[in-house]
Amino acid sequence: MSAPAKTRVDPAVIGEQRGGRRRRQKGIAGNTLWFWVFVGPFVLGLLIFSYLPIIWSLVLSFFEAYNTATPSKFVGLRNYIDMLTDHNFLSSLGTFTIFAVFIVPLTFVLSLALALLVNQVKIARAFFRSVFFLPTACSYVVASLIWRLSIFNGVRFGLANTVLGWFGIDNIAWLSTVSPPWYWLPLVTVRLWLQLGFYMILFIAGLQRISPTLYEAAYVDGAKPGWQVFRYITLPQLRSTSVAVLILNLIAAYQAFDEFYNLIGNVNYARPPLVYLYGISLGSIQDLGHGSAGALILAVIIMIVTLLQSRIFGFGKAGD
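All of these numbers come straight from a predicted model, not from anything done at the bench.

Colleague: Can you help me understand the environment of I98 in this one?
Modeller: Among the secondary structure elements, I98 is positioned in helix α3 (residues 87–120). Distance from I98 to W184, taken between C-alpha atoms, is 9.3 Å for residues 86 residues apart in sequence.

Colleague: What's the story with the pattern of salt bridges in this structure? I'm lost.
Modeller: Here the idea is simple: oppositely charged side chains can pair when their charged atoms come close. Going through the model one piece at a time under the given rule, you end up with 2 salt bridges. Put simply, R78 and E64 hold a salt bridge, and the shortest N to O gap is 2.8 Å. Placement of the pair is R78 in helix α2 (residues 78–84) and E64 in strand β1 (residues 63–64), with a sequence separation of 14 residues. Across the pair R191 and E259 runs a salt bridge whose closest N-O atoms are separated by 2.7 Å. In this pair, R191 sits in helix α7 (residues 184–208) while E259 sits in helix α11 (residues 258–263), placing the two residues 68 residues apart along the sequence. Accessibility classification places R191 together with E259 in one group, the buried group.

Colleague: What am I meant to see in α7 here?
Modeller: An α-helical turn contains 3.6 residues, so any two residues separated by three or four positions project in the same direction. Relative to the 36 Å expected for 25 residues at 1.5 Å per residue, α7 spans 35 Å between its end C-alpha atoms, a close match to the ideal helical length. Roughly 40° is the biggest bend found in α7, and it falls at Q195.

Colleague: Would you explain a nonpolar patch on the surface in this entry?
Modeller: Residues F35, W36, V43, L44, L46, L47, I48, F49, Y51, L52, I54 and I55 make up a contiguous nonpolar surface patch of roughly 1200 Å² in combined accessible area. Mapping Y51 onto the fold places it in helix α1 (residues 11–60). For Y51, a relative accessible area of 43% gives the class partly exposed.

Colleague: I tried to follow the packing of aromatic side chains on my own but got confused; where do I start?
Modeller: Here a ring pair, both rings aromatic, is described through the centre-centre distance and the interplanar angle of the planes. Tallying each qualifying case throughout the model produces 20 aromatic pairs. Centroid distance F96 to Y254: 3.6 Å. Interplanar angle 20°. Geometry classified as stacked. On the criterion of sequence distance, the pair formed by F96 in helix α3 and Y254 in helix α10 (residues 239–254) is long-range, its members being 158 residues apart. Comparing F96 with Y254, the two get one shared label, buried. Pairing F152 with W174 gives two aromatic rings, centres 5.3 Å apart and planes at 80°, and the pair type is edge-to-face. One end of the pair, F152, is in the loop between α5 (140–151) and α6 (159–166); the other, W174, is in the loop between α6 and α7, and 22 residues separate them in sequence. Among the aromatic residues, those joined into a ring-pair cluster are F99, F102, Y183, W184, F260 and Y269.

Quick notes on the rules
- Residues numbered from 1 in each chain as written.
- Predicted model: local features only at pLDDT ≥ 70, side-chain atom pairs only at ≥ 80, totals over all residues.
- Heavy atoms only, no water.
- Helix = DSSP H or I, 4+ residues; strand = E, 2+ residues; numbered from the N terminus.
- Salt bridge = Lys/Arg side-chain N within 4 Å of Asp/Glu carboxyl O.
- Buried < 20%, exposed > 50% of the residue type's maximum accessible area, 1.4 Å probe, protein only.
- Expected span 1.5 Å × (residues − 1).
- Bend = angle between axes of the 7 residues up to and from the residue.
- Patch = residues over 30% accessible without salt bridge, like charges linked within 9 Å, V, L, I, M, F, W, Y side chains within 5 Å.
- Areas by Shrake-Rupley, 256 points an atom, 1.4 Å probe, with all protein chains shown as cover.
- Phe/Tyr/Trp six-rings, centres within 6.5 Å; stacked < 30°, edge-to-face > 60°.

Written out as structure tokens, the structure reads:
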């Protein structure tokens, strides 16, 4: 019985395979290098300007830190207890609640209405999108100053009082009148003007994902154009977008600072949490220990409310 013949391997084939492996390894290494070249600066900036300040704020919240960012005396949970029993801090959370009650439903309804109107426009649709979206590019500080100095400045030549004068109504000191609380009108309107366009774009994106066949089937089944189609077709199909808008809007309301600080300043009757914490941390006393504790309490509240809202509306389920 003869031995099986040995298969002869061409050295050129072996060299080509080894060369291919080396090229693939070199290509992977090159891709990894270019990945870190482009992504590395952003990761580094995120670590330096976001994560490290958060970690250091957590450290400071357990220490006394007056007029310095260096902890001096360990106090444990005392800063947290002080903030949770501080009437002014709790009052600032109440101010936020009132602001959210105004701004969240109004933003949702008005941005959805704008999206429906713009989405139905057949001519110059891109123009109308741009017109309503442009205010989002404006600085909150600049918009607040325009509202304060030109529209709701409280004198006869302000736009709001000029319009009221046409109807024989006396001037109103919009930003300093507490009873009735007219200051809410400029606070809410400036935020609406600044953010409606952004949420309108989100709703337009959601509307464009709805299949036209759903509307055709609804019309065949006898659904009337208008409210019935909106209630039973459009609104259910916008469920994921609606929940995202509510969550983003609520988080943005918790972070309200610029319009409050630049319109009415650090006053007791309308002071959201960030304005109050700004006064503690960077005001005359510069108490970074209590300020850090308050900021972390606020962050935990935002996370809890966001998770509860996602849970209630079922955001992120497989059907979304």
